[in-house]
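Below, each chain spelled out in residue letters.
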Amino acid sequence: AVVSTQSTGETLSNKLTLSESYTDSDKANESAQAQLQISAQTFTLLKAVRDEALRLGSPQVEIMSFDFGDVENVGKVVDRAVETMGGLDYLVLNQEELARGFLVKGRPIDHHFVERTFNVNVLSGIQIALKAMPHLQRSKGHIFVSSSALGEISKPGLAVFSSSKHAVNGFFYSLQQELLEKKSPVSLTLGAVGEVDAGDKTPLFTLPEWMVGEKVECAEVIMDSLLARPHTLTYPRIHLTLVRLQKLFG
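Notes on the structure follow. (Residues numbered from 1 in each chain as written. Predicted model: local features only at pLDDT ≥ 70, side-chain atom pairs only at ≥ 80, totals over all residues. Heavy atoms only, no water.)

Thoughts on the pairing of strand β8 (residues 187-193)
Side-chain direction in a regular strand flips from residue to residue, so the side chains alternate between the two faces of the sheet.
Part 1: Of all seven residues making up β8, seven are buried, and the element is well covered by its neighbours.
Part 2: Of the two faces of β8, both are covered, the one formed by Ser 187, Thr 189, Gly 191 and Val 193 as well as the one formed by Leu 188, Leu 190 and Ala 192.
Part 3: In the sheet, strand β7 (residues 142-146) pairs with β8 via five bridges, with the strands oriented parallel. Bridge pairing in β8 links Val 145 to Leu 190.
Part 4: In this fold, the crossover linking β7 to β8 by way of helix α5 (residues 159-181) has right-handed handedness.
Part 5: Relative to strand β11 (residues 232-235), β8 runs parallel, the two sharing four bridges. In the strand pairing of β11, Leu 190 is matched with Thr 232. (Buried < 20%, exposed > 50% of the residue type's maximum accessible area, 1.4 Å probe, protein only. Helix = DSSP H or I, 4+ residues; strand = E, 2+ residues; numbered from the N terminus. Pairing = 2+ DSSP bridges. Right-handed = clockwise from strand over helix to strand, strands pointing away.)

Here's what the structure looks like:
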(Lines give C-alpha, C1' and ligand atoms only; values in the text may rest on other atoms or scores of the structure.)
Protein backbone atom coordinates (compact mmCIF):
# COMPACT_ATOMS: atom_id res chain seq x y z
CA ALA A 1 0.00 0.00 0.00
CA VAL A 2 1.38 3.38 -0.95
CA VAL A 3 -0.07 6.22 1.13
CA SER A 4 0.67 9.51 -0.57
CA THR A 5 -0.32 13.12 -0.96
CA GLN A 6 2.96 14.17 -2.54
CA SER A 7 4.49 14.26 -6.01
CA THR A 8 7.24 11.93 -4.78
CA GLY A 9 4.51 9.41 -3.99
CA GLU A 10 3.22 9.62 -7.56
CA THR A 11 6.70 8.96 -8.91
CA LEU A 12 7.25 6.13 -6.42
CA SER A 13 4.02 4.45 -7.56
CA ASN A 14 5.29 4.41 -11.12
CA LYS A 15 8.70 3.08 -10.05
CA LEU A 16 7.08 0.29 -8.05
CA THR A 17 4.92 -0.61 -11.03
CA LEU A 18 8.02 -1.14 -13.16
CA SER A 19 9.84 -3.12 -10.48
CA GLU A 20 9.63 -6.74 -9.45
CA SER A 21 7.88 -7.34 -6.14
CA TYR A 22 9.17 -9.96 -3.71
CA THR A 23 6.73 -10.83 -0.96
CA ASP A 24 9.30 -12.53 1.29
CA SER A 25 12.74 -14.10 1.18
CA ASP A 26 11.31 -17.63 0.82
CA LYS A 27 9.63 -16.63 -2.44
CA ALA A 28 12.47 -14.69 -4.01
CA ASN A 29 12.13 -16.67 -7.21
CA GLU A 30 8.48 -15.76 -7.60
CA SER A 31 8.47 -12.20 -8.89
CA ALA A 32 5.65 -10.10 -10.22
CA GLN A 33 4.91 -6.47 -10.80
CA ALA A 34 3.67 -4.68 -7.71
CA GLN A 35 -0.01 -4.50 -6.83
CA LEU A 36 -0.71 -1.08 -5.36
CA GLN A 37 -3.21 0.76 -3.26
CA ILE A 38 -2.72 4.52 -3.35
CA SER A 39 -4.55 6.78 -0.92
CA ALA A 40 -4.78 10.57 -0.93
CA GLN A 41 -7.40 13.25 -0.49
CA THR A 42 -7.74 14.36 -4.11
CA PHE A 43 -9.60 11.84 -6.27
CA THR A 44 -8.60 13.39 -9.62
CA LEU A 45 -4.92 13.09 -8.68
CA LEU A 46 -5.41 9.49 -7.58
CA LYS A 47 -7.15 8.59 -10.82
CA ALA A 48 -4.33 10.07 -12.89
CA VAL A 49 -1.72 8.13 -10.89
CA ARG A 50 -3.75 4.92 -11.20
CA ASP A 51 -4.18 5.31 -14.96
CA GLU A 52 -0.43 5.83 -15.41
CA ALA A 53 0.44 2.81 -13.25
CA LEU A 54 -1.97 0.63 -15.23
CA ARG A 55 -0.49 1.94 -18.47
CA LEU A 56 2.95 0.93 -17.23
CA GLY A 57 1.71 -2.59 -16.60
CA SER A 58 0.66 -2.91 -12.97
CA PRO A 59 -1.79 -5.85 -12.67
CA GLN A 60 -3.83 -4.10 -9.97
CA VAL A 61 -4.03 -0.52 -8.73
CA GLU A 62 -6.60 0.38 -6.12
CA ILE A 63 -7.25 3.98 -5.17
CA MET A 64 -8.96 5.35 -2.09
CA SER A 65 -9.75 9.01 -1.65
CA PHE A 66 -9.35 9.78 2.03
CA ASP A 67 -8.73 12.76 4.31
CA PHE A 68 -5.85 11.79 6.58
CA GLY A 69 -7.06 14.36 9.06
CA ASP A 70 -9.85 11.90 9.93
CA VAL A 71 -7.80 9.90 12.42
CA GLU A 72 -10.73 7.89 13.80
CA ASN A 73 -11.43 6.28 10.42
CA VAL A 74 -7.94 6.13 8.93
CA GLY A 75 -7.70 2.38 9.60
CA LYS A 76 -10.09 1.90 6.67
CA VAL A 77 -7.12 2.51 4.36
CA VAL A 78 -5.52 -0.72 5.62
CA ASP A 79 -8.82 -2.62 5.66
CA ARG A 80 -9.41 -1.74 2.01
CA ALA A 81 -5.89 -2.78 0.96
CA VAL A 82 -6.14 -6.16 2.67
CA GLU A 83 -9.65 -6.77 1.36
CA THR A 84 -8.81 -6.00 -2.27
CA MET A 85 -5.26 -7.38 -2.46
CA GLY A 86 -5.39 -10.19 0.06
CA GLY A 87 -2.58 -8.93 2.25
CA LEU A 88 0.09 -6.31 2.75
CA ASP A 89 3.83 -6.54 2.10
CA TYR A 90 4.99 -2.90 2.10
CA LEU A 91 3.59 0.21 3.72
CA VAL A 92 4.85 3.63 2.60
CA LEU A 93 3.78 6.50 4.84
CA ASN A 94 4.43 9.89 3.27
CA GLN A 95 1.16 11.70 3.95
CA GLU A 96 1.92 15.28 4.83
CA GLU A 97 0.25 18.57 5.73
CA LEU A 98 2.66 21.46 5.19
CA ALA A 99 1.82 24.05 7.83
CA ARG A 100 3.33 27.54 7.61
CA GLY A 101 2.81 30.41 10.00
CA PHE A 102 4.87 32.80 12.09
CA LEU A 103 4.26 32.80 15.82
CA VAL A 104 5.59 36.32 16.45
CA LYS A 105 4.06 39.33 14.66
CA GLY A 106 2.27 37.08 12.23
CA ARG A 107 -1.24 35.77 11.73
CA PRO A 108 -2.38 34.06 14.95
CA ILE A 109 -2.19 30.26 14.78
CA ASP A 110 -5.29 28.64 16.27
CA HIS A 111 -5.57 25.16 17.72
CA HIS A 112 -7.49 23.82 14.70
CA PHE A 113 -4.46 24.55 12.50
CA VAL A 114 -2.16 22.72 14.92
CA GLU A 115 -4.58 19.84 15.42
CA ARG A 116 -5.00 19.21 11.69
CA THR A 117 -1.24 19.24 11.10
CA PHE A 118 -0.65 16.67 13.84
CA ASN A 119 -3.60 14.54 12.74
CA VAL A 120 -2.29 14.24 9.19
CA ASN A 121 1.46 14.15 9.82
CA VAL A 122 1.60 12.15 13.05
CA LEU A 123 -1.56 10.45 14.31
CA SER A 124 -2.80 9.06 10.99
CA GLY A 125 0.57 7.45 10.29
CA ILE A 126 0.66 5.91 13.77
CA GLN A 127 -2.85 4.50 13.39
CA ILE A 128 -2.15 3.07 9.94
CA ALA A 129 1.13 1.47 11.03
CA LEU A 130 -0.45 -0.18 14.08
CA LYS A 131 -3.46 -1.36 12.08
CA ALA A 132 -1.17 -2.83 9.41
CA MET A 133 1.20 -4.55 11.85
CA PRO A 134 -0.56 -7.98 12.02
CA HIS A 135 -0.66 -8.17 8.22
CA LEU A 136 2.98 -7.12 7.89
CA GLN A 137 3.99 -9.70 10.49
CA ARG A 138 2.40 -12.45 8.39
CA SER A 139 4.19 -11.28 5.23
CA LYS A 140 7.50 -10.37 6.94
CA GLY A 141 6.81 -6.93 5.56
CA HIS A 142 8.43 -3.52 5.68
CA ILE A 143 7.36 0.02 6.63
CA PHE A 144 8.89 3.14 5.13
CA VAL A 145 8.15 6.37 7.01
CA SER A 146 8.92 9.67 5.32
CA SER A 147 9.99 12.28 7.84
CA SER A 148 11.87 15.52 7.16
CA ALA A 149 15.04 17.48 7.78
CA LEU A 150 12.73 19.63 9.90
CA GLY A 151 12.33 16.66 12.21
CA GLU A 152 15.92 17.32 13.27
CA ILE A 153 16.10 21.12 13.31
CA SER A 154 13.52 23.90 13.22
CA LYS A 155 13.03 27.01 11.12
CA PRO A 156 11.11 30.27 11.67
CA GLY A 157 7.62 30.09 10.23
CA LEU A 158 7.52 26.29 10.33
CA ALA A 159 7.21 25.61 14.06
CA VAL A 160 4.02 23.55 13.78
CA PHE A 161 5.24 21.49 10.83
CA SER A 162 8.66 20.96 12.40
CA SER A 163 7.23 19.87 15.74
CA SER A 164 4.99 17.36 13.97
CA LYS A 165 8.02 15.85 12.23
CA HIS A 166 9.91 15.69 15.54
CA ALA A 167 6.93 13.71 16.85
CA VAL A 168 7.08 11.37 13.84
CA ASN A 169 10.74 10.70 14.55
CA GLY A 170 10.12 10.08 18.24
CA PHE A 171 7.34 7.56 17.71
CA PHE A 172 8.79 5.62 14.80
CA TYR A 173 12.33 5.45 16.17
CA SER A 174 10.81 3.93 19.33
CA LEU A 175 8.69 1.51 17.29
CA GLN A 176 11.76 0.51 15.29
CA GLN A 177 13.66 -0.28 18.49
CA GLU A 178 10.76 -2.40 19.76
CA LEU A 179 10.64 -4.36 16.50
CA LEU A 180 14.38 -5.04 16.74
CA GLU A 181 14.26 -5.92 20.44
CA LYS A 182 11.38 -8.36 19.96
CA LYS A 183 13.03 -9.84 16.83
CA SER A 184 9.89 -9.04 14.84
CA PRO A 185 9.79 -10.10 11.17
CA VAL A 186 8.62 -6.55 10.38
CA SER A 187 11.33 -4.01 9.54
CA LEU A 188 11.10 -0.22 9.44
CA THR A 189 13.04 2.51 7.66
CA LEU A 190 12.76 6.11 8.85
CA GLY A 191 13.59 8.48 6.02
CA ALA A 192 14.89 11.99 6.64
CA VAL A 193 13.92 13.71 3.39
CA GLY A 194 15.34 17.16 2.74
CA GLU A 195 14.43 19.64 0.00
CA VAL A 196 13.14 17.97 -3.15
CA ASP A 197 12.23 19.91 -6.29
CA ALA A 198 8.42 19.94 -6.40
CA GLY A 199 7.90 22.27 -9.34
CA ASP A 200 5.89 25.33 -8.39
CA LYS A 201 5.64 24.53 -4.66
CA THR A 202 7.24 27.03 -2.30
CA PRO A 203 10.50 25.49 -0.99
CA LEU A 204 11.07 24.98 2.73
CA PHE A 205 14.66 26.15 2.55
CA THR A 206 16.57 28.69 0.47
CA LEU A 207 19.22 26.45 -1.03
CA PRO A 208 21.54 26.45 -4.03
CA GLU A 209 20.34 24.21 -6.83
CA TRP A 210 23.04 21.58 -6.26
CA MET A 211 21.67 20.91 -2.77
CA VAL A 212 18.08 20.29 -3.90
CA GLY A 213 17.06 16.70 -4.62
CA GLU A 214 15.09 15.45 -7.61
CA LYS A 215 11.79 13.64 -7.11
CA VAL A 216 12.56 10.75 -9.49
CA GLU A 217 15.86 10.09 -7.74
CA CYS A 218 14.16 10.42 -4.36
CA ALA A 219 11.56 7.82 -5.38
CA GLU A 220 14.34 5.49 -6.54
CA VAL A 221 16.15 5.85 -3.21
CA ILE A 222 12.94 5.05 -1.31
CA MET A 223 12.23 2.06 -3.54
CA ASP A 224 15.75 0.71 -2.98
CA SER A 225 15.17 0.96 0.76
CA LEU A 226 12.10 -1.29 0.49
CA LEU A 227 14.42 -4.12 -0.57
CA ALA A 228 17.57 -3.23 1.40
CA ARG A 229 15.56 -2.35 4.55
CA PRO A 230 18.06 0.02 6.21
CA HIS A 231 17.18 1.49 9.60
CA THR A 232 17.50 5.05 8.30
CA LEU A 233 17.65 6.85 4.97
CA THR A 234 18.69 10.41 4.16
CA TYR A 235 18.02 12.26 0.93
CA PRO A 236 19.63 14.40 -0.40
CA ARG A 237 22.57 13.25 1.71
CA ILE A 238 24.56 16.51 1.46
CA HIS A 239 21.57 18.55 2.66
CA LEU A 240 21.01 16.41 5.74
CA THR A 241 24.73 16.47 6.56
CA LEU A 242 24.72 20.26 6.56
CA VAL A 243 21.51 20.32 8.62
CA ARG A 244 23.14 18.18 11.28
CA LEU A 245 26.28 20.30 11.28
CA GLN A 246 24.13 23.40 11.75
CA LYS A 247 22.41 21.68 14.67
CA LEU A 248 25.77 20.88 16.30
CA PHE A 249 27.60 24.15 15.68
CA GLY A 250 24.97 26.68 14.69
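Now that the structure has been shown, the text picks up again.
Quick word on the nonpolar core
Part 1: Counting residues in each nonpolar core, the largest one holds 29 residues, and the members touching the most others are Leu 93, Ile 143, Val 145, Phe 172 and Leu 188.
Part 2: Taken together, the elements giving at least two residues each to this core come down to α3 (76-85), β6 (90-94), α4 (111-139), β7, α5 and β8.
Part 3: Among the elements that take part in this core, α4 stands out by supplying eight residues, more than any other.
Part 4: Counting residues in each nonpolar core, the second largest holds 23 residues, with Val 61, Ala 219, Met 223 and Leu 226 among its members. (Core = buried A, V, L, I, M, F, W, Y, C linked by side-chain atoms within 4.5 Å.)

Quick word on the pattern of salt bridges
Part 1: By the definition in use, this model includes eight salt bridges.
Part 2: For Arg 80, the salt bridge identified is with Glu 62, shortest N-O distance 3.6 Å. Here Glu 62 lies in strand β5 (residues 61-65) and Arg 80 lies in helix α3, a separation of 18 residues in the sequence.
Part 3: Residues Asp 79 and Lys 131 are paired through a salt bridge, measuring 3.4 Å at the closest nitrogen-oxygen approach. Taken together, the residues Asp 79 in helix α3 and Lys 131 in helix α4 connect sequence positions 52 residues apart.
Part 4: A relative accessible area of 36% means that Lys 131 is categorised as partly exposed.
Part 5: Three or more residues joined by partner-sharing salt bridges are found here, namely Lys 47, Arg 50 and Asp 51. (Salt bridge = Lys/Arg side-chain N within 4 Å of Asp/Glu carboxyl O.)

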